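Structural features, examined
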Amino acid sequence: MNQILYLKQELKKPENAFNDSILEALENRYKERLRRAEKVCNQQEPALKHRLWSIASNEVDGKPRTCSTRKCTILVDRTNLIYYCFIPKVASTAIKTYFLEITNKTTSHSVHDNNTAFHIEANDAITRISPLFYSRQTRQHFYKIIFVRHPFSRLVSAYENKVLGPRDKLSFFYDNYWNKVMKKYRGVEEISNRDAHPTFEEFVRYLLDTPVYKYDNHWVPYTKRCEPCLVHYDFIGKLETAEQDFHYVFQHELSLTETPQLENRGSITTDKVKFYFRQVPKSEVLRLYYIYKMDFDIFGYDINDFVK
């Protein structure tokens, strides 16, 4: 299939614009999200708000350059002046597909025929920078966007995808993480069952025992990846309200004609997240919460349903 045609099929146009009453309610929602983030950030120690960040980009003078997705986390569209912090397990595939479309770039692989190859090619094709690559003055010319989801929901999504997913596609994760995790927590020298996988509790224990700076992109905290207290985003979207949020920010605010389309939406339900976390002692759930506490606080999520 022609890749441009494929990408266009991945996008959709909402049928109707927002009416005035809905628009007012949405604007209040988004203003409140920004107010909350600013309030929480203002309460932080100056050292937390002024962390040193490496300055990096995956292109220099228009020429490609290697930059990891851990370092260059911002997708940039210089034509539409969009600055977007992409977060794995928060609609990142839909967003990369969308950025390829609006920047008129292509990949030789699609999401469906080779997901890994698609992401590698998209990461190279789309201009990416570190959060503070641009000066504050330059950043002001861009519309800065971040989308998040409940931190625990994201961890469950990461677990199902990067632990329970097809083993033939997860050799990196098993070689670098999960084989070591199972040996450590099960007290064995070798894992005899080639189909064995870490339990969710073992996954949580791994997170608790690992320094955050060693976390993989798929579970590193939002605040470490996107630096909301330094960047001051113009729009905070949430996966839980993504259909409205995508429509509002890309069509209403940025006047683009199309919006990203989510696939497998709703596969990680609140009940499913609760099911997994019931397998973890409450003391460990609380310890995990404190690792992601800034994500909870800045973006307005709570832990109540997980410690009852």
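See the structure printed just above.
Below is a summary of the structure that appears in this document. (Residues numbered from 1 in each chain as written. Predicted model: local features only at pLDDT ≥ 70, side-chain atom pairs only at ≥ 80, totals over all residues. Heavy atoms only, no water.)

**A closer look at the environment of alanine 158**
We apply this condition: Every helix listed is a DSSP run of H or I at least four residues long, and every strand listed is a run of E at least two residues long, numbered separately from the N terminus. Should any heavy atoms of two residues lie within 4.5 Å, those residues are counted as being in contact.
Its place among the elements puts alanine 158 in helix H7 (residues 151-162). Those residues in contact with alanine 158, other than ones at most four positions away along the chain, are Lys89, Val163, His218 and Trp219.

**Brief notes about the pairing of strand S3 (residues 74-77)**
Note the following rule: Under the scheme applied here, a residue whose accessible area is under 20% of the maximum for its type counts as buried, over 50% as exposed, and between as partly exposed, the area being computed with a 1.4 Å probe on protein chains only. Strand pairing follows a simple DSSP-based rule, namely that at least 2 bridges must link the two strands.
Covered by surrounding structure in S3 are Ile74 and Val76 together with Leu75 and Asp77, the residues of both alternating faces. Across four bridges, S3 lies against strand S4 (residues 82-85) in antiparallel orientation. Directly across from aspartate 77, in S4, lies its bridge partner isoleucine 82. What sits between the antiparallel neighbours S3 and S4 is a turn of four residues, in which leucine 81 has the positive phi angle 55°. In this sheet, strand S5 (residues 128-129) lies alongside S3 in antiparallel orientation, the contact comprising two bridges. From the neighbouring strand, leucine 75 faces S5, where its bridge partner is arginine 128.

**Considerations on the nonpolar core**
Note on soluble globular proteins: their nonpolar side chains tend to be buried together. Defined as follows: Think of a nonpolar core as a cluster: buried Ala, Val, Leu, Ile, Met, Phe, Trp, Tyr and Cys residues, connected wherever their side-chain atoms sit within 4.5 Å.
Core analysis: the biggest nonpolar cluster contains 91 residues, and Tyr84, Ile145, Phe152, Trp178, Trp219 and Phe250 have the highest contact counts within it. Sorting elements by how many residues they give to this core places helix H8 (residues 171-186) first, with seven residues. When sequence neighbours within four positions are dropped, the list of residues in contact with tryptophan 219 reads Arg154, Leu155, Ala158, Lys162, Phe173, Tyr177, Trp178, Phe203, Tyr206, Leu207 and Tyr292.

**Regarding the packing of aromatic side chains**
Basically, it comes down to this: Aromatic rings from Phe, Tyr and Trp, with only the six-membered ring used for Trp, were paired whenever their centres fell within 6.5 Å, and each pair was classed as stacked if the ring planes differed by under 30 degrees, edge-to-face if by over 60, and tilted otherwise. Put simply, a charge is over a ring when the Lys NZ or the Arg CZ is close to the ring centre, within 6 Å, and near the line of the ring normal, within 35 degrees.
Throughout the structure, instances matching the rule amount to 39 aromatic pairs. Between phenylalanine 172 and phenylalanine 173, the ring centres sit 5.2 Å apart and the planes meet at 90°, which makes this aromatic pair edge-to-face. Residue classification places phenylalanine 173 among the buried positions, given a relative accessible area of 8%. Over the ring of phenylalanine 86 we find arginine 225; its NZ or CZ atom is 4.7 Å from the centre of that ring. In this arrangement the basic side chain of lysine 238 is found over the ring face of tyrosine 301, its NZ or CZ atom lying 4.3 Å from the centre.

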